[in-house]
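# Breakdown of the fold
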Amino acid sequence: MVRRTFASLLIAAFVALGVYGTGAQAAQAAQAPPFIKIGTLYASAGPFAAISMPVHKALQLWEEQVNAQGGIYVKPYGKKIPIKIIAYDDQSSTSTAATLYNQLITQDKVDILVSDSGSVLTSVAVPIAREHKMLLFDQTGTGMNFFTADNPYIVLLSDPISNLWPKNAAEFLTKEGPKLGIKRVALLYSTNDFTGSQATGFRDVFKGSAIDVVYDHGVPTNTSSYTVLIQTIKALNPDAVIELGYPNNDIAFLRDLQGSGTKFKMVFTVYPGLETDLLLKTVGEKGLAYTYTYTPPTAIKYKPDFGMNLDAFKAAWVKKYKDTTDFGFNAVAGYVTALVLEKTLATTDTMDQMALRKAVFALSGKLRTLDGTFMLRSDGAQIGELTPLGQIVPSGNGEVKFVILYPPEAANGKAVYPAP
Amino acid sequence: MLEYSILAGILFGLYFGLVALGLNLIFGVMKIVNLAHGDFLMLGAYGAYIVFTDFHVNPLVTLLAEIVIFVIIGFPLYYLLVPRLQASRDPEMLSLILFFGLSQVIEALATLGFGSSERSIPGTVLGSAPISIFQQTFPVAWVVSGSVSLLAVGAIYVYLYRTRLGQLTRAVMAQREEALSTGIDVQRISAIAFGIGIAGAAVAGVLSPFMMGSITPAMGVSVTITSFAVIVMGSLGNPLGTVAGGIIYGIALMFMQTYFSSWANLLPYLLLIAILLVKPTGLFGRRVRNA
C-alpha cells in the first residue's frame, strides 16, 4: 500500500514537473523577443566621422557574423537570439545626437544603449542615459568627468579613461627621462574631453618630478595649422614635445613639423599608434620616424580568450570592407564593444539595466580580448587595456615598426634619443 | 616670434584670400551666397588627391586641369540653379537655403564615394626643404600656396580690369538691372563668373592638403564659414578686397595661436562681429559701388 502510494506520488510529481517544465519553457519562449535591440549612433559625416565609422562598422561586422550563427546566447531567455542594431546618423552633431539618443530609448525602446564613438558625442549621452536609468555602454568616450561615484549608468568598454592613457608615457618621462637628459617638456593639446584629460594625466604624473613643463597650451580641436605653434615651442628649447590631438590634429602637426624643417629630440603624439595606416598614408614613414606614441594592439598582438585574435579580425575586416575604411584602433574598439556585449548577455541574470551592469562588472579582470584585459573601476571607468609607450622605427619600405619602451616588463627595446 | 607670426600670417592669409575669392566673385556678380563653396573646395582637393595617388600627377598640374574642369561644371550648374533662384522674391535669402542643401548633398555623396577618413598628399611633393624668408623658415608648401594665390588674384584682376568680359562682369556687379537694360547678356556673364568662382575654390582645394594637413568630406562647412568672415572683412562683392581680408585673417590667426591659442577658433566670428559693428560695408566697401 505504502509502495503503491509512493509510486503514485512519484508519478504525480514527475507529471507535475513535466507539465511545469513544458509550461515554463513555453512561457520563456513566449517571452523571448525575436531579437535583441541594440541602439547606437554613428557619424557618417562631420569632424568625428573618421573615428566613428570604423567603430560602427565593427559592430555591423559582428552583427552579421553572430546572426549568421543564429544570434547570441542570451541567458535570461536561455537560448540564442538574433541581434538587431538600430543605428542613427548624428552627423557629428551633439544636438542631433541628444535627440537621437532620446529616440532610441523612448521610441525604439532598445534593450541596450551604446554611445557613438569619442568623448564629444558620448558627452550628451551620459546625462540622457542616467535620466532614463539606462546603462550606457560607452565605447570610446573616455572623458574623466563622465565617471562619478553617484552614476551607476555608464561603463567604458574599449579604451581606458583618458587621464590613464598617458600613464606609461608620463612615467617613462619622469623615471627614464632624466637619465636621457629630458627635463624640459612642452605640452600642446586639443581642447576636448579626450585630449584635455590626457593632458591632465601627464600633468598629474609630472607633479613633484624633475620634469619642468615649459609650455602648456591648448588649441581648438579644429586646428589645422601648427607652424607658428611649432616655432613658439622651438623658441623654448624643450627636450620633449607632447602633442595630444585627434587624427586631424596629429596629421597637421606632424606634417607641419616635417615641412618647417624643425627637429625636436622627442615628439609624442596619439594617433600614429592608434590609426597607423591612416597616419602612414597622410604623414608618411619619414614624418613618423622615431616619434613616440601609444603602442597599438596591432603591435602587441594580445592572445584573446574570447573573440577573434587581431589577425583573424583584420582578415574579416578587409574581406568585408576592403579599403573603404582604414583598419586601426577604432575598428578594434568597436569589436571589443561587441565582445563585451556578447559576454554580458550570455551571463546576465535578467535584462534589467542594473543586472546588465552587474554582468559587465563581473567580466572585469576576467575578460581578455584582442585589446588586452578588460578591467573596470567602481564608477564604470575602464582601467585595463592600457597601451605601453612605443617608439616608431622606420623600416625603409614605407612601413613602420613599434619598439615598446615602457613599462619595463613589456619593453622590447631602448629609446632612440635624441631622434636622428 | 612677432616677425614669424606676421610673415606666417601673410602667407596663410594669402591662401585664405584665394579660398574666399570665388565666394566673393559669385556674391558680387549674382548677389547670392554660395554656402556650398567649401564643398567645391573639398571636391577640388579630392580631385588632386585621387589623381596623385592613382596616377602620380603633381598637384600643380592637376590644379591647371581643375580650373578648366570646374569652369565647365559651373556653367550647367549655374543654369540649373541660379536663374530660377533669381526669379524668386528673395534670391539672397533663398540662396542660403538652396546652397546649404547643395552643400549637404555634396558632402553626403563625397562621404559615400571617398569614405570619412582623413586623406592627404605628401608635403614633399611640392619640395622638401623649407624656404627662408627674412631669416625665418617656412614650409615650402606655404610659399607655393601663397604664390599661387597671388597669381590667381592677379589673373582675376586682369580678367576684371583688362578684358572685355571683365568689363561686362564689373557692369553686372555694379548694377545688374542697368546692365540687363543695356543689352549685356547678364546670364552668360554670371555663368562665367560662377564657373570662375567654383574653379577658384577648386584651386584652393588642390592646395588644401598642404595648408590644412588633411582633407575630409566634412571640411567644407568650416571652410565656408572662414571664407565668409574673410569676404565680409574685405567687403562683400569686392573680389580683390578679399585678399586684404585674407591677410588680416591670417595675421590675426597667427597672433591668436601664438598668444591665446585656446581661443583661436573664435577668431573668424570675432572679426566678423567687429567688422560688422565698426564698418559694416567691409574694409573696402566703398569700392564695391564704384566697381
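Residues numbered from 1 in each chain as written. Chains lettered and ligands numbered in written order. Predicted model: local features only at pLDDT ≥ 70, side-chain atom pairs only at ≥ 80, totals over all residues. Heavy atoms only, no water.

### As for the domain arrangement of chain A
Residue and element names in this part refer to chain A. Stated formally: Each domain's extent is set by a domain assignment, obtained either automatically or from a database. Residues are treated as being in contact if the distance between any of their heavy atoms lies within 4.5 Å. Throughout, buried area stands for the accessible area (probe radius 1.4 Å) lost by two parts on being put together, summed over both. Counted as salt bridges are all cases of a side-chain nitrogen of Lys or Arg within 4 Å of a carboxyl oxygen of Asp or Glu. A 3.5 Å cut-off defines polar contacts: any pair of N or O atoms within that distance qualifies, except that in protein one atom must be a possible hydrogen donor and the other a possible acceptor, and neighbouring residues in sequence count only when both atoms are side-chain atoms. Strands are runs of DSSP state E lasting at least two residues, helices are runs of H or I lasting at least four, and both sets are numbered from the N terminus onward.
Considered domain by domain, chain A is made up of domain 1 (36-161 + 300-373) and domain 2 (164-296 + 388-406). Placing the centre of domain 1 and that of domain 2 at their C-alpha centroids yields a distance of 29 Å. Taken together, the contact between domain 1 and domain 2 spans 22 residues of the former and 18 residues of the latter. Between domain 1 and domain 2, the buried area comes to about 1,600 Å², and carbon and sulfur atoms account for 58% of it. Across the domain 1-domain 2 interface, the total number found is 0 salt bridges. Applying the counting rule to domain 1 against domain 2 returns 7 residue pairs in polar contact (both at pLDDT 80 or more). Of all the secondary-structure elements, those providing two or more residues to the side of domain 1 that touches domain 2 are helix 4 (119-123) and helix 15 (329-347).

### Some points on the interface of chain B and chain A
Interfaces are often sized by the amount of accessible area the parts lose when they come together. The condition is simple: Each residue receives one of three labels: charged for Asp, Glu, Lys and Arg, nonpolar for Ala, Val, Leu, Ile, Met, Phe, Trp, Tyr, Cys and Pro, and polar for the others, Gly being one of them.
The partner chain A presents 36 residues to the 37 residues of chain B that form the contact. Buried surface at the junction of chain B and chain A, both sides included, amounts to about 2,700 Å², of which 53% is carbon and sulfur. Seen at the junction of chain B and chain A, the total is 0 salt bridges. Scanning the region where chain B abuts chain A turns up 7 residue pairs in polar contact (both at pLDDT 80 or more). Elements represented by at least two residues in the side of chain B that touches chain A include exactly helix 1 (2-30), helix 4 (91-114), strand 2 (136-138), helix 5 (140-162), helix 8 (186-212) and helix 10 (241-259) of chain B. Within the side of chain B that touches chain A, the residues separate by chemical class into 18 nonpolar, 16 polar and 3 charged.

### A few points about the layout of surface pockets
Gaps left between atoms show up when a probe the size of a water molecule is rolled over them. Let me state the cut-off plainly: Using a 1 Å grid laid over the protein atoms alone, points where a 1.4 Å probe fits but cannot get out form a cavity; open sets with protein on both sides within 12 Å along at least 5 of 7 lines form a pocket; any residue with an atom within 4 Å of a point counts as lining. Grid points are joined across faces, edges and corners, and a volume is the space filled by probe spheres set on the points.
The volume enclosed by the largest pocket comes to roughly 1,200 Å³. Every residue lining the largest pocket is counted, 46 residues in all, and those nearest its centre are Thr221, Asn222, Thr223 and Asn248 of chain A together with Ser222 of chain B. Looking at the lining of the largest pocket, the elements with two or more residues in it are helix 2 (49-68) of chain A together with helix 1, helix 4, helix 9 (220-234), helix 10 and helix 11 (267-278) of chain B. Considering only residue class, the lining of the largest pocket consists of 23 nonpolar, 20 polar and 3 charged. When residues of the lining of the largest pocket are sorted by domain, at least three fall in each of domain 1 (36-161 + 300-373) and domain 2 (164-296 + 388-406) of chain A. Of the pockets and cavities examined, the second largest pocket occupies roughly 570 Å³. Along the walls of the second largest pocket sit 25 residues, with Thr111, Leu112, Gly113, Phe114 and Gly115 of chain B positioned nearest its centre. At the level of secondary structure, the elements contributing two or more residues to the lining of the second largest pocket comprise helix 2 of chain A together with helix 2 (37-55) and helix 4 of chain B. By residue number, the principal contributor to the lining of the second largest pocket is helix 4 of chain B, which donates 7 residues.

### Some points on empty space enclosed by the protein
Going through the model one piece at a time under the given rule, you end up with 4 cavities of 30 Å³ or more. Looking at the largest cavity, its volume works out to about 80 Å³. Contributing to the lining of the largest cavity are 13 residues, with Thr140, Asp159, Phe194, Tyr271 and Asn330 of chain A lying nearest its centre. Looking at the lining of the largest cavity, the elements that each hand over two or more residues are helix 10 (271-274) and helix 15 of chain A. Its residues assigned to classes, the lining of the largest cavity shows 7 nonpolar, 5 polar and 1 charged. Taken domain by domain, the lining of the largest cavity gets at least three of its residues from each of domain 1 (36-161 + 300-373) and domain 2 (164-296 + 388-406) of chain A. Put simply, the second largest cavity is a space of about 40 Å³. The wall of the second largest cavity is formed by Ala50, Ile51, Pro54, Pro247, Glu275, Leu278, Asp326 and Asn330 of chain A together with Ser117 of chain B.

### Focus: the packing of helix 5 of chain B against helix 6 (residues 164-174) of chain B
Residues and elements named next belong to chain B. Cut-off, in case you're wondering: Convention adopted: a line fitted to C-alpha atoms gives each axis, helices being fitted over their contacting stretch, and angles between N-to-C directions are expressed from 0 to 180 degrees. Between 65 and 115 degrees an angle is taken as roughly perpendicular, under 35 as roughly parallel, over 145 as roughly antiparallel, and anywhere else as oblique.
Look at helix 5 against helix 6: their axes get within 5 Å of each other, and the N-to-C directions meet at 80 degrees. By the angle class used here, helix 5 and helix 6 are roughly perpendicular. Side by side, helix 5 and helix 6 meet where Tyr159, Leu160, Tyr161 and Arg162 of the first sit next to Arg164, Leu165, Gly166, Gln167, Thr169, Arg170 and Met173 of the second. Residues belonging to the contact of helix 5 with helix 6 are distributed by class as follows: 5 nonpolar, 3 polar and 3 charged.

### Some words on the pattern of salt bridges
Residues and elements named next belong to chain A. As a reminder of what qualifies: Type-normalised accessible area, obtained with a 1.4 Å probe on protein chains alone, sets the label of each residue: buried when under 20%, exposed when over 50%, and partly exposed for intermediate values.
As enumerated under the stated definition, the model contains 10 salt bridges over all chains in all. For Lys320, the salt bridge is made with Glu64, and the minimal N-O distance between the two is 2.7 Å. On the criterion of sequence distance, the pair formed by Lys320 in helix 14 (residues 310-321) and Glu64 in helix 2 is long-range, its members being 256 residues apart. Among the residues examined, Glu64 registers a relative accessible area of 46% and is labelled partly exposed. One salt-bridge network, in which partners are shared between bridges, spans Lys167, Glu171 and Lys175.

### What about helix 7 (residues 193-206) of chain A?
Residues and elements named next belong to chain A. Applicable threshold: In a helix, the anticipated span is given by 1.5 Å times the number of residues less one.
For helix 7, with 14 residues, the first-to-last C-alpha span of 20 Å sits near the 20 Å given by 1.5 Å per residue. The set of residues buried in helix 7 consists of Phe194, Thr195, Gly196, Ser197, Gln198, Ala199, Gly201, Phe202 and Phe206. The distance from a side-chain oxygen at the start of helix 7 to the backbone nitrogen of Phe194 is 3.0 Å, and the residue carrying that oxygen is Asn192. Positive phi appears at Gly208, one or two residues downstream of helix 7, with a value of about 80 degrees.

### A word on the pairing of strand 9 (residues 212-219) of chain A
Our working rule: Two strands make a pair as long as DSSP finds a minimum of two bridges between them.
Alignment of strand 8 (residues 184-190) of chain A against strand 9 of chain A, held across 7 bridges, turns out to be parallel. Bridging across to strand 9 of chain A, Leu188 of chain A finds its partner in His217 of chain A.

### Structural notes on unusual backbone geometry
Residue and element names in this part refer to chain A. The step from Tyr406 to Pro407 runs through a cis peptide bond, and the omega angle for that step is 10 degrees. By secondary structure assignment, the location of Pro407 is in the segment after strand 16 (400-406). The omega torsion of the bond from Tyr417 to Pro418 falls at -5 degrees, within 30 degrees of zero and hence cis. Tracing the backbone through its elements, the reader meets Pro418 in the segment after strand 16. With a phi angle near 55 degrees, Gln91 is a residue other than glycine that sits in the positive phi range. Structurally, Gln91 is set in the loop between strand 4 (83-89) and helix 3 (94-106). A positive phi angle is found at Ser92, which is not glycine, with a value near 65 degrees. Relative to the elements of secondary structure, Ser92 occurs in the loop between strand 4 and helix 3.

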